[in-house]
Amino acid sequence: MQISKLNYLNNLNKNQKEAIIDLDGPCLIVAGAGSGKTRVLTTRVAHIINQNKAWPNQILCVTFTNKAAKEMQVRISKFLDKKVSSLPWLGTFHSVSAKLLRKHASAVGLNSHFTIIDQDDQMRLIKNIAKAENIDIKKLSPNIILSIINQWKNKGWLPKDVVSKGNITLEKAVLKVYKFYQERLKILNSCDFGDLILHCVTMFEKNPDILELYLNNFKYVLVDEYQDSNHIQSKWLNLLTKKNNNICCVGDDDQSIYSWRGAEIGNFLNFDKTYKNSKIIKLEQNYRSTQNILDAASGLISKNRGRLGKKLWTDGTKGELVKLTCYKNGRDEATGIGDIIEQNLKKKYSLNNVAILVRAIFQTREFEERFLKIGMSYRVIGGTKFYERAEVKDSVAFLRIVNQKNDDLAFERIINVPKRSLGESTIKQIYDWGRANKQSLENSSYVLLQQNKIKPKAKISLMGILKLFDKWRLDLKEKKHYELMEIILDESGYSKMLKDKKDLESEGRLENLKELIRGMRDFDNLQSFLEHAALATSIDQNWDGEKVNLMTMHGSKGLEFDAVFLPGWEEGLFPHQKSLEEKGDLALEEERRLAYVGLTRAKKESFISFVMNRMYRGDWIDSLASRFIEEIPEKNIQKEDITEQKNEDFIFNQDIDYEEGTKSPGWARLQRNKIKKLK
DNA sequence: TAACAACGCTTTTTT
DNA sequence: AGCGTTGTTA
C-alpha cells in the first residue's frame, strides 16, 4: 500500500503519537474537546495501512453521524493513493449494519430489499396497532409507546427479553404492542433504526459461521464518539472484536450528551473492564480555544461528578474574557447579538466562523426574524430536513413501494395521494384483511379485488394504481432510477397536483422534487438511493457564501467557530426543565456537559446571554439566569451591563441603521408602540 | 368526502 | 403562538 504522505507522524504531540503508533490490543483514547481527536483517528488508520497491518477493506471504522463518517472518509482519502481512495467499511453504526444485513438478510428472516423505516413510519405503525388492539391512546400515547420500545431496543431486548422495571401495567400494555409491532415489521420486510443493530447482533449470535467471516476479515476496529454508544452497539462491537481484540475507541466522557436516546456512558467508563489489558491514553492539550474559554469550560464541567477526569490545557494566549449579557427579552437578545456581529465581528471573522448555539431549535426563530430584517445572511443547520419534507417523503414512498411490495407504510402513505377516492373505509377494509391474514396491503388489495369486495368506484381506482405499481417495476428494469422518479411523478399525477395548486408553497415543493431527482443521480441504483434516503437526514448542507450559523448545541458537536454565541441561558430553558423532571441530577450533569460542548466550540470569543422575560408557548415567562452562569469562574467572565433604557434605544437605532426605507416617522412610531406593548 | 372548527400538544436533543 | 390531529357538518 502506498501512502502519499510519509510525514504523517510529524507535528503531533507525544500523546497523540502514542495513540497512533500502538496499533495492537484494546485502546481507549480519552480525547478532550479540540485535542485533535479526528486527526488521531484518521492518522491511525493511515498508519495501519502504511505498516501493512491490514488492507483498507479489513478496517472497520464506525461513527454516529453521517457528517462524521464523511469527514473521516475525506481525511483518510488524503493519506491513501487514488486507487484505494476510501474505506469500504467506514460508516455509521446504522449504515454499516444495514450493509451487513443486506448481505445476510435471510439469516434474520428478511429479504435483502428490506425497507428501513424512520420515526414517522414507526409512529404510524404503532398508531395502527393501537387502534386495532383497542388501546386508548389518550391514556397511553403512541409517543410513550414508541419511546419505550426504542429504549428496549437500545438495550437489546426483543419482546421475549423484556424485564420489568416496576410499572407493570404500563409495561404489559407496551409489550403487547411491541410484539405485534415486531411481527408486523417482519411481514412488511422492514427494519426500524434499532433493528438494524439488533438484527446484526442476533444474526451473529445465532450464526457463528457468519460472524466468523467478519472476525477474520476485520483486523482493526475503530470507533468514534464512543461515549455515545448504547448497550446494543457496545455488544455489536464486542462481538466483532472477539478474535483480534484490536479495538480502538475515541471519545470524551465530558461530551456525552445523548443519554436520552440510550447512550450509556458506562460503556466508556468501564472500557478497561470490558476489554482486558487495554491501554488508556489521554489527549489533554487543546489546540482550539483561548485560555479564558478553556478555563471557563473546565471550571463549569468540574462541577460534574462521575467523570474520568482530565485537565485540558493550551499554550495559546489568554484571549478575551467570556462575555455575559442580560437582555430584556428574546427579541432584544436577537437584536443585541445581531448588532455585535454586525459592528464588531464582521470585520474580524468570516461570518461562516460565527455561530449561535441554542438549546432548542425553536430558539433560532427570533434570530432568523431579526437577521432577515437587517439583511444578515444566515443558515440554520439541522432545522427542517430535506428527506423529512412531505413532498420528498411522498416521492420516496412511491419508490419504496416499487422497490419492495410489502412496504405497507409507503403504500399507506401514497395510496390516496393525489386523491383518488380511496378513502378511510376502503383502506381500513384492506388493512383489516391484511392484518387478519398476515399479508401486506398490496397483496391484500389483490385478494379483495378478486373477491369483488371493494366498492365499485374505489375498485377502479385501486386497480389503476396497482397496475401503475407493476408498470413502474417493469420500467425500473430498463430505466435509470432517476428517470423512473420523473415517470412516477408524472403518471401518478403528483406533479400535476402541485402544479394545479399554483401557490408559492407548491412551487417550492416542485423545486425540492427537482433537487431530489438531481440528488438521485449520485447513486448507482434505486436500492442505494433508498438506503441513503432512509439513513441520511439531510441533503448536503450548503456552505456557500458568508453566513452566520444557527444550530442547536447538540448539532454543534465536532464543529468549531471563531466566535460563538450562547443565548438563552435561563433556568427552565437551559438546563431544560423537561430533562430535569425526567431524570433529575443525572440530567443536570448532562445539561452541564452540553454547556461544556457549547463553550468549547469557540476558538477566540464567546458570548453567553440570558433574558429577563421570554415568550414561551404563547406566554411571557419571568426568567432567572441559568445556574451554569455562576458555575463559570468569575475571573474568566466579563459582565456587560446593559440598562433597559439603553437597550431600547439600541433596538431603535439598529433598525434605522440597517434597514433601508424604514426611516419614516410612521415606521419608527410603529416600533415604539411594539416596544410599549412588550412591557 | 371535503371543508371547517375545536382541541391539545408542542419546543430538547437524532441515527 | 402555531401546528397537526380529531371531530363536526354539509
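Residues numbered from 1 in each chain as written. Chains lettered and ligands numbered in written order. Predicted model: local features only at pLDDT ≥ 70, side-chain atom pairs only at ≥ 80, totals over all residues. Heavy atoms only, no water.

**Q** Even after reading the chapter, I still don't get the overall build of chain A, so can you show me in this structure?
**A** Scanning chain A from terminus to terminus reveals 28 helices and 16 strands. In terms of overall dimensions, chain A is globule-like: its C-alpha atoms have a radius of gyration of 27 Å, near the 26 Å expected for 679 residues. Overall, chain A is about 80 × 70 × 55 Å in size when its C-alpha atoms are taken along their principal axes. Expressed as a percentage of the 679 residues in chain A, the buried residues total 54%. (Helix = DSSP H or I, 4+ residues; strand = E, 2+ residues; numbered from the N terminus. Rg over C-alpha atoms; globule rule 2.2 N^0.38 Å. Buried < 20%, exposed > 50% of the residue type's maximum accessible area, 1.4 Å probe, protein only.)

**Q** Quick question: what am I supposed to make of the protein's contact with DNA strand B here?
**A** Lining the immediate surroundings of DNA strand B are 25 residues, of which W260, R359, I361, T537 and H576 lie closest. If you look at DNA strand B and keep only atoms within 4 Å of the protein, 55% of those are sugar or phosphate atoms. Between W260 and DNA strand B, the recorded distance is 2.6 Å, taken from a side-chain N or O atom to a base oxygen. Within the side chain of R261, one N or O atom sits 2.9 Å away from a sugar or linking oxygen of DNA strand B. Top contributing element to the surface near DNA strand B by residue count: helix α25 (residues 577–599), with three residues. Looking at the surface near DNA strand B, its residues break down into eight nonpolar, ten polar and seven charged. (Near = heavy atom within 4 Å. Polar contact = N/O pair within 3.5 Å; in protein donor to acceptor, adjacent residues only side chain to side chain. Nonpolar A, V, L, I, M, F, W, Y, C, P; charged D, E, K, R; others polar.)

**Q** Just to check I follow, could you spell out helix α10 (residues 231–240) for this structure?
**A** Owing to its 3.6 residues per turn, the α-helix brings residues three or four apart onto one side. Within α10, seven of the ten residues are buried, which leaves it mostly tucked inside the rest of the structure. Within α10, burial applies to I232, Q233, S234, W236, L237, L239 and L240.

**Q** Please explain the pattern of salt bridges as it appears in this structure.
**A** Should the charged atoms of two oppositely charged side chains come close, the side chains can pair. Applying the stated rule across the entire model yields 52 salt bridges. When the shortest N-O distance is used, the salt bridge between E366 and R614 registers 3.7 Å. With E366 in helix α15 (residues 364–374) and R614 in strand β14 (residues 602–616), this residue pair connects regions lying 248 residues apart in the sequence. Owing to a relative accessible area of 28%, E366 belongs among the partly exposed residues under this scheme. Put simply, R509 and E391 hold a salt bridge, and the shortest N to O gap is 2.8 Å. (Salt bridge = Lys/Arg side-chain N within 4 Å of Asp/Glu carboxyl O.)

**Q** I tried to follow the side chain of H104 on my own but got confused; where do I start?
**A** Structurally, H104 is set in the loop between α4 (93–103) and β4 (115–116). Given the relative accessible area of 14%, H104 is considered buried.

**Q** It is not clear to me how the packing of helix α21 (residues 481–491) against helix α23 (residues 504–520) should be interpreted in this structure. Could you clarify?
**A** A packed helix pair is summarised by two numbers, namely the angle formed by the two axes and the spacing between the axes. For the pair α21 and α23, the least separation of the axes is 8 Å and the interaxial angle reads 155°. The angle between α21 and α23 places the two elements in the roughly antiparallel class. Note on packing geometry: the crossing formed by α21 with α23 is right-handed. Packed against α21, whose contacting residues are H481, Y482, M485, E486 and L489, the element α23 presents L513, L516, I517 and M520 at the interface. Here the contact of α21 with α23 is built from residues that sort into seven nonpolar, one polar and one charged. (Axes fitted to C-alpha atoms, helices over the stretch in contact; angles between N-to-C directions. Parallel < 35°, antiparallel > 145°, perpendicular 65-115°, else oblique. Left-handed = near helix turned anticlockwise from the far one by under 90°. Contact = heavy atoms within 4.5 Å.)

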